Amino acid sequence: MELLRKWLGHPEDIYNLLRFKMGGYRAVMPRMDTVSYEGCAGGGMRFAVAGARCSRHSQVRDYCFFSPPRHAVCIFYLVLRALDTVEDDMSIPLDVKVPMLHEFHSHLYQPDWKYTESKEKDRQVLEDFPTISMEFRNLSKVYQDVISDICHKMGVGMAEFLEKKVDSQREWDKYCHYVAGLVGIGLSRLFSASELEDSIVGQDTDLANSMGLFLQKTNIIRDYLEDQLEGREFWPREVWSRYAKKLSDLAKPENIDVAVQCLNELITNALHHVPDVLTYLSRLKNQSVFNFCAIPQVMAIATLAACYNNQQVFRGVVKIRKGQAVTLMMDATNIQAVKAIMYQYVEEIYQKIPSTDPSSNKTQQVIASIRAMSLPGSPMASRHHYSPIYLSCAMLLAALSWQYLSTLSKATEEYVQAGED
């Protein structure tokens, strides 16, 4: 009944879930089917890349939609997945882990290297690393150079933050660069190397870095409680120390007001990347590449809008709805639509800005800059306004289709998992 009540509150989700299932997903990608490890890397182990759950550190999960050059992107993913597994594995002593992270890129050129002592759930990528490295060496040298370089830089960065916490906002940017910005830079260089995109896409590392930082900061902000429960801290001390003595104090009921103010300040920080995101996306020419890059970004802005000024961030999980997610996936297929989506969600944030919030002026300013790059006259901005007749029909459809939609919701999970997580 809870699911039914949720859909009755958002009848447009029913229509969009059906539209997605009945063929709307083809607008997102010509082939959205799960890519297996076997088909991607030639090994005997099936590895569902498109639906794989990755930890937030590597940020590859936000780039789960495949785009040409598919094989190079697939190997890039698997290499970073293996690197990230090393970083995540708390059973590896630091005196072993640090050199591993520094030298991991060199293992790409060592046919027999593998690591069989990992305790992580994704340890198979380390145990079967010879298959991955073989496929890496079969790539064109231009792709090898990109993947090896990004792997090296990311490994060094991960090692740097193993024993230190994120203190300043500058260090927050630096950490996000290592674990997400570099992914954006690497993908951009692959797109340009394939000649699917102009060389400027791969050369402008500042914009590519912002693409990754926007996604990473969104995940860090949203995952406050989960990280606290698992003993991780990624919110910058420079910000949260103005609101509490310890980061964990923000979860205490008596601190909820200042906790929300801290949350709003970090969301305002993340929003500063949106103009760069729009500029980056406006340069893309290839439709598959555009979809690949745009979908995680619109998921992120929707997530920030849901989190802004929301006490639930400190009490549980804040996620966008499945119907909302598939709508974004189907709509974000051109730059004008993406601008309209960004405009819609920053307007949603704007309407929730408390007059007493310490960051209210900064939030209003960054929203003004995003507005200036968006197109408020687009039809996308009003796509959630439905007539009473449509709403009535949608509600009736919800009641009549209860069993089918429950199955449908589960079936679409693989398509929207990256955006929701």
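Residues numbered from 1 in each chain as written. Predicted model: local features only at pLDDT ≥ 70, side-chain atom pairs only at ≥ 80, totals over all residues. Heavy atoms only, no water.

The name an unreviewed UniProt entry assigns to the protein chain is Squalene synthase, from the organism Certhia brachydactyla. Quoted straight from UniProt, the Sequence similarities (unreviewed entry) entry for the protein chain says "Belongs to the phytoene/squalene synthase family." Recorded under Pathway (unreviewed entry), the UniProt text for the protein chain is reproduced unchanged: "Terpene metabolism; lanosterol biosynthesis; lanosterol from farnesyl diphosphate: step 1/3." (UniProt positions renumbered as here; feature names shortened; annotations may be inferred.)

Novice: How should I be thinking about the overall build of the protein chain in this particular structure?
Specialist: Broken down by element type, the protein chain carries 22 helices and zero strands. Taking as baseline every contact in the protein chain between residues at least 6 positions apart, the subset at least 24 positions apart corresponds to 76%. Surface exposure of the protein chain reaches about 17500 Å², of which carbon and sulfur atoms provide 52%. (Helix = DSSP H or I, 4+ residues; strand = E, 2+ residues; numbered from the N terminus. Contact = heavy atoms within 4.5 Å. Areas by Shrake-Rupley, 256 points an atom, 1.4 Å probe, with all protein chains shown as cover.)

Novice: Would you take a moment to explain the nonpolar core for this structure?
Specialist: The nonpolar side chains of a soluble globular protein tend to be buried with one another. Ranked by size, the top nonpolar core spans 115 residues in total, and within it W235, L250, Y280, L281 and F314 carry the most contacts. Counting residues per element, this core draws most heavily on helix α16 (residues 287-307), at 14 residues. Structurally, this core is a two-domain feature, drawing no fewer than three residues from each of domain 1 (43-164) and domain 2 (184-377). In this structure L281 touches M211, F290, C293, A294, I335 and V338, once residues within four positions along its chain are discounted. (Core = buried A, V, L, I, M, F, W, Y, C linked by side-chain atoms within 4.5 Å. Buried < 20%, exposed > 50% of the residue type's maximum accessible area, 1.4 Å probe, protein only. Domains from an automatic or database assignment.)

Novice: Help me out: how do you make sense of the environment of R81 in this one?
Specialist: Take R81: it is sitting in helix α4 (residues 70-88). Residues R81 and V125 lie 44 residues apart in sequence; the distance between their C-alpha atoms is 7.4 Å. Here D84 takes part through its side chain, which lies 2.8 Å from a polar atom of the side chain of R81. (Polar contact = N/O pair within 3.5 Å; in protein donor to acceptor, adjacent residues only side chain to side chain.)

Novice: I would appreciate a short explanation of the side chain of S359 in the present structure.
Specialist: Structurally, S359 can be placed in the loop between α18 (335-351) and α19 (360-373). With relative accessibility at 6%, the residue S359 sits in the buried group. If we skip the residues at most four places from it in the chain, S359 touches Y243, E265 and T268.

Novice: Mind showing me how you'd approach the confidence of the model for the protein chain here?
Specialist: Any residue range with low pLDDT should be treated as having predicted coordinates unsuitable for detailed reading. Here the protein chain averages 81 in pLDDT, while 73% of its residues score no lower than 70. Across residues 30-68, where pLDDT falls below 50, the model places 124 contacts with residues more than four positions away in sequence or in other chains. With pLDDT under 50 throughout, residues 378-412 is counted as low confidence; its partners more than four residues away or in other chains account for 52 contacts. (pLDDT = per-residue confidence, 0-100.)

Novice: What's the story with the packing of helix α11 (residues 205-222) against α16 in this structure? I'm lost.
Specialist: To characterise two packed helices, one gives the angle between the axes of the helices and the distance between these axes. For the pair α11 and α16, the least separation of the axes is 10 Å and the interaxial angle reads 35 degrees. Like other packed secondary-structure pairs, α11 and α16 cross with a definite hand, here left-handed. Along its contact with α11, which presents M211, F214, L215, T218, I221 and R222, the element α16 presents C293, P296, Q297, A300, I301, T303, L304 and C307. Across the contact of α11 with α16, the residue classes break down as ten nonpolar, three polar and one charged. (Axes fitted to C-alpha atoms, helices over the stretch in contact; angles between N-to-C directions. Left-handed = near helix turned anticlockwise from the far one by under 90°. Nonpolar A, V, L, I, M, F, W, Y, C, P; charged D, E, K, R; others polar.)

Novice: Whenever I open this one, helix α8 (residues 141-160) confuses me. Can you help?
Specialist: Each full turn of the α-helix corresponds to 3.6 residues, which orients residues three or four apart in the same direction. Taking 1.5 Å of rise per residue, the 20 residues of α8 would be expected to cover 28 Å, and the 29 Å separating its terminal C-alpha atoms lies within 8% of that figure. By the burial criterion, the buried members of α8 are Y143, Q144, V146, I147, S148, I150, C151, M154, G155, G157, M158 and A159. Packed against the buried residues of α8 are α4, α5 (94-103), α7 (129-137) and α9 (169-193). (Expected span 1.5 Å × (residues − 1).)

Novice: What is the right way to look at the packing of aromatic side chains in this model?
Specialist: Within a pair of aromatic rings, the relevant descriptors are the distance that separates the centres and the angle that separates the planes. Tallied over the full model, the rule gives eleven aromatic pairs. Aromatic side chains Y109 and F136 sit 5.3 Å apart centroid to centroid with 80 degrees between the ring planes, which places their arrangement in the edge-to-face category. You can see Y109 sitting in the loop between α5 and α6 (124-127) and its partner F136 sitting in helix α7, a full 27 residues away along the chain. On the basis of an interplanar angle of 65 degrees and a centroid distance of 6.1 Å, the ring pair of F161 and Y178 is categorised as edge-to-face. (Phe/Tyr/Trp six-rings, centres within 6.5 Å; stacked < 30°, edge-to-face > 60°.)

Novice: Would you mind going over the packing of helix α15 (residues 274-282) against α19 with me for this structure?
Specialist: Axis separation between α15 and α19 bottoms out at 9 Å; the angle between their running directions is 20 degrees. Considering the angle they form, α15 stands roughly parallel to α19. Note on packing geometry: the crossing formed by α15 with α19 is left-handed. Side by side, α15 and α19 meet where V274, P275, L278 and T279 of the first sit next to S369, I370 and M373 of the second. When grouped by side-chain class, the residues that make up the contact of α15 with α19 number five nonpolar, two polar and no charged. (Parallel < 35°, antiparallel > 145°, perpendicular 65-115°, else oblique.)

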